[in-house]
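Here is what each chain is made of, one letter per residue.
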2 protein chains.
Amino acid sequence: MTEFAPDQAFVVTSHFLGDLFLCQARLQCDARWPWIILIPRRAGAREIEDLSPGDRARLIEESVVAGQAVRALGEALGRPVEKLNHGALGNITPQLHLHVIGRRSDDVAWPGPVWGFGTKVAYAPDDLERVIGAARRGLNL
Amino acid sequence: MTEFAPDQAFVVTSHFLGDLFLCQARLQCDARWPWIILIPRRAGAREIEDLSPGDRARLIEESVVAGQAVRALGEALGRPVEKLNHGALGNITPQLHLHVIGRRSDDVAWPGPVWGFGTKVAYAPDDLERVIGAARRGLNL
């Protein structure tokens, strides 16, 4: 049986925040939006239907917690979230994962989706620690 | 207490398929992708967090059923689905809704998201009845 590990694509574009009951939570390294990725720790899963019903219920509960953490991140960044966006796409990186993103009507991609939009912006090193702290507190980690 | 009704934006861009236990299911009127919209029949809900935990578990289960129906639609259209995309955005129409879309590596927007991409393509009238039938069977309606 293969053990779970996050795809290398996530390792190079996001920061480990912690492990929830089901998912590994990671901060997307893109300062344009407060953005958390949840990766169910189930080796081989590619679609939501690949999870058991119990894991699916956990996934949606953890997505709500991630939404609260994204709101906390938005506050820490001085840009309170107006709308949450949730998406499970996986067209580029097929390992099952769920994006939870905080949107504002003044953000650069509004009202379109963020995936594939423009060029990512790195967090300033001094901001990163503060942002990771806010995300972890929001996730109760 | 306000009764549930689908936002007019959905009424003019999608076809009623039927009511599941929680959600109203609708076929997106865009022949480019097999695409079902689920609208939880809870007046005033805008975010997934606005639903009760029980309703959230129902929503993710109904999203799995919608995914199976989207796969059936893809077969009916002669374009079997390679990847499901699930998204709850609501940046334009805030009434809580979940998109379930069937993607292929040869579709026009691949690997980007479909929302806001290009111009929608109407189903041919002769196709529409067949497609709606396939979607309803896929949803066990």
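Residues numbered from 1 in each chain as written. Chains lettered and ligands numbered in written order. Predicted model: local features only at pLDDT ≥ 70, side-chain atom pairs only at ≥ 80, totals over all residues.

Colleague: Where do I start with the overall build of chain A in this structure?
Modeller: Assigned secondary structure in chain A consists of 3 helices and 5 strands. Listing every helix and strand of chain A by position from the N terminus yields α-β-β-β-α-β-β-α. The C-alpha atoms of chain A give a radius of gyration of 14 Å, which matches the 14 Å a tight globule of 141 residues would have. When the backbone C-alpha atoms are referred to their principal axes, chain A occupies close to 45 × 30 × 25 Å. (Helix = DSSP H or I, 4+ residues; strand = E, 2+ residues; numbered from the N terminus. Rg over C-alpha atoms; globule rule 2.2 N^0.38 Å.)

Colleague: Is there a simple way to explain helix α3 (residues 125–138) of chain B in this structure?
Modeller: Residue and element names in this part refer to chain B. For α3, built from 14 residues, the straight-helix expectation of 20 Å at 1.5 Å per residue is met to within 8% by its first-to-last C-alpha distance of 20 Å. Of all the positions in α3, only Val-131, Ala-135 and Gly-138 are classed as buried. Axial view of α3: buried residues confined to an arc of 60 degrees, hence all on one face. For α3, the exposed residues set more than 90 degrees away from the buried face come down to Pro-125, Asp-126, Glu-129 and Gly-133. Elements that come into contact with the buried residues of α3 comprise β1 (14–19), β2 (23–28), β3 (35–40) and α2 (53–76). In the stretch just after α3, Asn-140 is the one whose phi turns positive, near 60 degrees. (Expected span 1.5 Å × (residues − 1). Buried ≥ 20, exposed ≤ 12 C-beta atoms within 10 Å, placed from the backbone. Arc of directions from axis to C-beta. Contact = placed C-beta atoms within 7 Å.)

Colleague: What should I look at first to understand unusual backbone geometry in this one?
Modeller: Excluding glycine, a negative phi dihedral is what most residues carry, and trans is how most peptide bonds are arranged. In this chain, Trp110(A) is followed by Pro111(A) through a cis amide linkage whose omega measures -5 degrees. Mapping Pro111(A) onto the fold places it in the loop between β5 (98–103) and α3 (125–138). Even without being glycine, Asn140(B) reaches a positive phi, approximately 60 degrees. Within the secondary structure layout, Asn140(B) lies in the segment after α3.

Colleague: Explanation requested: the relation of the copies chain A and chain B in the structure shown.
Modeller: For the pair chain A and chain B, the superposition axis carries a translation of 0.0 Å, the fit reaches an RMSD of 0.0 Å, and the rotation angle comes to 180 degrees. Expressed as a symmetry operation, the mapping of one chain copy onto the other fits a two-fold axis. It is Gly87(A) whose C-alpha, among those of chain A, lies nearest the rotation axis, at 2.1 Å. Mapped onto chain B, 100% of the interface residues of chain A are again interface residues, and the two copies thus contact each other with one and the same surface. (Least-squares fit on C-alpha atoms with pLDDT ≥ 70 in both.)

Colleague: I'm lost on the interface of chain A and chain B in this one. Help?
Modeller: Frequently, the measure chosen for interface size is the accessible area removed from exposure when the parts meet. Listed per partner, the contact involves 29 residues of chain A and 29 residues of chain B. Sort the elements by how many residues they give to the side of chain A that touches chain B and helix α2 (residues 53–76) of chain A lands first, with 9 residues. Its residues placed into classes, the side of chain A that touches chain B shows 14 nonpolar, 9 polar and 6 charged. With 3 bridges joining them, strand β4 (residues 83–88) of chain A and strand β4 (residues 83–88) of chain B adopt antiparallel strand pairing. From the neighbouring strand, Gly87(A) faces β4(B), where its bridge partner is Gly87(B). (Nonpolar A, V, L, I, M, F, W, Y, C, P; charged D, E, K, R; others polar. Pairing = 2+ DSSP bridges.)

Colleague: Mind showing me how you'd approach the packing of α2(B) against α3(B) here?
Modeller: Two quantities define a packed helix pair, namely the angle between the helix axes and the distance between the axes. All names here are of chain B. With their axes 8 Å apart at the nearest point, α2 and α3 run at an angle of 145 degrees to one another. For the crossing formed where α2 meets α3, the hand is right-handed. Seen from α2, the contacting residues are Gln-68, Ala-69, Ala-72, Leu-73 and Ala-76; seen from α3, they are Arg-130, Val-131, Ala-134, Ala-135, Arg-137 and Gly-138. Class assignment of the residues belonging to the contact of α2 with α3 gives a composition of 7 nonpolar, 2 polar and 2 charged. (Axes fitted to C-alpha atoms, helices over the stretch in contact; angles between N-to-C directions. Left-handed = near helix turned anticlockwise from the far one by under 90°.)

Colleague: For this particular structure, what's the right way to read the sheet that holds strand β2 (residues 23–28) of chain A?
Modeller: As summarised here, the arrangement of the 10 strands in space is β1(A)-β2(A)-β3(A)-β5(A)-β4(A)-β4(B)-β5(B)-β3(B)-β2(B)-β1(B), forming an open sheet in which the pairing is antiparallel. Of all strands in the sheet, those bounded by a partner on one side alone are β1 (14–19) of chain A together with β1 of chain B. Across this sheet, the average inter-strand angle for adjacent strands is 20 degrees, counted without regard to direction. The sheet contact formed by β3(B) and strand β5 (residues 98–103) of chain B spans 4 bridges and is antiparallel.

Colleague: Which parts of the structure should I look at to understand the confidence of the model for chain A?
Modeller: Any residue range with low pLDDT should be treated as having predicted coordinates unsuitable for detailed reading. Put simply, chain A has an average pLDDT of 97, and 99% of its residues get 70 or more. With a pTM of 0.97, the predicted complex shows an ipTM of 0.96. (pLDDT = per-residue confidence, 0-100.)

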